[in-house]
Amino acid sequence: MKKATSILMLGIAVAVVASMTPLKWKTTSIDLGQVSKDEVAELTFEFTNNSNEDIRILEAKGSCGCTKIAYPETAIKAGESASISANFKSAKLGAFKKNIRIKTSNSEEYTYLHFKGEVVE
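Please read all numbers here as calculations on a predicted model, not as lab measurements.

1. Let's talk about the state of the cysteines
Thinking step 1. Counted according to the given criterion, the structure contains one disulfide.
Thinking step 2. Disulfide partner of C64: C66, at an S-S distance of 2.0 Å. Judged by the sign of its S-S torsion, about -45°, the bond between C64 and C66 is left-handed.

2. Details of the sheet that holds strand β5 (residues 67-70)
Thinking step 1. One open sheet accounts for four strands, arranged β1-β3-β6-β5; its pairing is antiparallel. Sheet topology places β1 (23-25) and β5 at the edges, where each strand pairs with a single neighbour. The sheet shows a mean angle of 25° between the axes of neighbouring strands, direction not considered.
Thinking step 2. Sheet analysis places β5 next to strand β6 (residues 81-89), joined by four bridges and oriented antiparallel.

3. Examining the pairing of strand β8 (residues 111-120)
Thinking step 1. Relative to β8, strand β2 (residues 29-36) runs parallel, the two being bridged by six bridges. Bridged to V35 within β8 is V119.
Thinking step 2. Pairing of strand β7 (residues 94-104) with β8, which is carried by nine bridges, proceeds in the antiparallel orientation. Across the sheet, the residue bridging to R101 is Y112, located in β8.
Thinking step 3. Hairpin remark: β7 followed by β8, antiparallel, with six residues in the connecting loop.

4. Quick look at the packing of aromatic side chains
Thinking step 1. Scanning the entire structure with this criterion turns up five aromatic pairs.
Thinking step 2. On the basis of an interplanar angle of 50° and a centroid distance of 4.9 Å, the ring pair of W25 and F47 is categorised as tilted. Taken together, the residues span a long stretch of sequence, with W25 in strand β1 and F47 in strand β3 (residues 40-49) at a distance of 22 residues. Neither W25 nor F47 differs from the other in exposure class; each is buried.
Thinking step 3. Look at Y110 and Y112: their rings are 6.5 Å apart centre to centre, the planes differ by 50°, and that puts the pair in the tilted class.
Thinking step 4. Residue class for Y110 comes out partly exposed when judged on its relative accessible area of 35%.
Thinking step 5. Feature note: the residues F88, F96 and F115 constitute an aromatic cluster, connected by ring pairs.
Thinking step 6. Taking NZ or CZ as reference, R101 lies 4.5 Å from the ring centre of Y110, over its face.
Thinking step 7. The side chain of K103 reaches across the aromatic face of Y110, ending 5.7 Å from its centre.

Conventions used here
Residues numbered from 1 in each chain as written. Predicted model: local features only at pLDDT ≥ 70, side-chain atom pairs only at ≥ 80, totals over all residues. Heavy atoms only, no water. Disulfide = S-S within 2.5 Å. Pairing = 2+ DSSP bridges. Helix = DSSP H or I, 4+ residues; strand = E, 2+ residues; numbered from the N terminus. Axes fitted to C-alpha atoms, helices over the stretch in contact; angles between N-to-C directions. Phe/Tyr/Trp six-rings, centres within 6.5 Å; stacked < 30°, edge-to-face > 60°. Buried < 20%, exposed > 50% of the residue type's maximum accessible area, 1.4 Å probe, protein only. Lys NZ or Arg CZ within 6 Å of the ring centre and 35° of its normal.

Here it is as structure tokens:
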């Protein structure tokens with residue numbers, strides 16, 4: 001019984017550590033609402049480095065060529081805040097859902113930031 005309890009507790013501890021993310025995002029999803037065709041919508045995703053080490057953004061890539069992304073080129077120190085900004089150029093009419101894929105220096109996993117809306121005339 002003690003062995004089973006120890007294994008269970010170890011599993012819970014691993015799950016808790018795996019669910020902690022070193023970057024604490026203010027939001028990972030933005031609804032732009034209605035955007036006029038050919039308008040450039042600006043988005044900002046703010047975050048804080050909650051780890052004890054510097055973190056670098058290695059990659060920030062949009063799901064399409066309609067999104068231009070800017071991110072910090074230098075390391076974000078422990079406890080510091082920064083942001084990733086994007087410009088979305090709305091060309092096609094109708095609803096859209098896009099994402100930005102983020103890769104950091106301290107994780108093998110990607111973080112996905114999402115935005116949506118509707119392009120109107």
